[in-house]
Every structure is written in C-alpha cells, then in structure tokens.
Amino acid sequence: MMKLLLSIALVSAFPLYAQQACDQSTLNKVDYMQCLDQQLEQTRRELTTWENNHLFKLEAQSTSTGRKDGLKLFNKARQTFSLYTEQDCRWQFIGQLPDNNAATASYKQCQLYHLKQRIEFLKQVHTKP
C-alpha cells in the first residue's frame, strides 16, 4: 500500500505539461526570469519527491535493521548538497555583478544545473525498501 502511495506521489509531482526550455534569445528579460523561476520551482519539487522516496526507504530499512547510519548520512548529504549548491552559485552571481540581470540569470541557471544533477543521481541510486 505504501509503495502504491509513493508511486502516485512520484507521478503527481510531475506536471502534465512538458518542462519548457527557457530561451534567453527569444524571451524578454522579465519573461526569461519568470521562466527560470518556474523551472526552479518545478525542479525543487521533483528533487523533494526523490529525496522523500529515499528517506522513506531508509527509514523502513532503519526500522527493520535497527541501523540508522544510512538515514543520518543521507540527511547530512542533503544539507551538504544544499550548502555546496548555494556557495557554488553565489560566487558565480558575484562574478557577474554589477550586471544584476546577468548575475541573477547565472545564479538561477547554476541552481537548476545542480538540482537536475542531484535528481539524476538519486534516480540511479538504489536502496533496499
């Protein structure tokens, strides 16, 4: 039953529309930033779904084995990933200043890149249920 609910949650997390590519050359600055914001919001939701999937499996594993090491390390990895992503994108933002539009676009593109990479990694990692 829980696997069914988890599967439904995974499917419902992805909108029915295809994730559009934000094309800076065809969109004005405001539309481009809004497009990036929409992609970031959608990608963060997808990442949360994949993280919750792994948390669910690790919690079940820790309950059955009594070992919580994997769960603790996964949570630590989530925190470390978040800090790394923020710092990596921040230096790129600062490097683009004083052009605030370029800096903001660079920051958002960097965030998207890291979030998508993390999602792909979590899709490939297998944990025992």
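One numbering rule holds for all chains: residues counted from 1, following each sequence as written. Reporting in this predicted model follows two pLDDT cut-offs: at least 70 for local features of residues, and 80 or more for side-chain atom pairs to be given and counted; totals over whole chains, interfaces and linings ignore these cut-offs and use all residues. For side-chain calculations, the full set of non-hydrogen atoms in the structure is used, while hydrogens and water are omitted.

1. Considering helix α4 (residues 100–124)
Each full turn of the α-helix corresponds to 3.6 residues, which orients residues three or four apart in the same direction.
Item 1. In this model, α4 (25 residues) spans 37 Å end to end at C-alpha, consistent with the 36 Å of a helix rising 1.5 Å per residue.
Item 2. Those residues of α4 not exposed but buried are A103, A105, S106, K108, C110, Q111, L112, H114, L115, R118, I119 and L122.
Item 3. Contact definition: two residues touch when any of their heavy atoms are within 4.5 Å. Helix numbering and strand numbering both begin at the N terminus, where a helix is a DSSP run of H or I of at least 4 residues and a strand a DSSP run of E of at least 2. Along its buried surface, α4 packs onto α2 (29–65) and α3 (69–96).
Item 4. Distance and chemistry together define a polar contact, namely a pair of N or O atoms within 3.5 Å, with one atom able to donate a hydrogen and the other to accept it when in protein, and with adjacent residues in sequence counting only for side-chain atoms on both sides. Between the side-chain oxygen at the start of α4 and the backbone nitrogen of N101 there is a gap of 3.3 Å, and the oxygen is on D99. Expected span of a helix: the number of residues minus one, times 1.5 Å. Per-residue accessibility, obtained with a 1.4 Å probe over protein chains only, is compared with the maximum for each type, and a residue is labelled buried under 20%, exposed over 50%, and partly exposed between these values.

2. Section: the nonpolar core
Item 1. In this description, a nonpolar core means a group of buried Ala, Val, Leu, Ile, Met, Phe, Trp, Tyr and Cys residues linked to one another through side-chain atoms lying within 4.5 Å. Counting residues in each nonpolar core, the largest one holds 18 residues, and the members touching the most others are L36 and L47.
Item 2. Those elements that place two or more of their residues in this core are α2, α3 and α4.
Item 3. Here the element with the most residues in this core is α2; it accounts for 9 residues.
Item 4. In this structure L36 touches C22, A105, K108, Q109 and L112, once residues within four positions along its chain are discounted.

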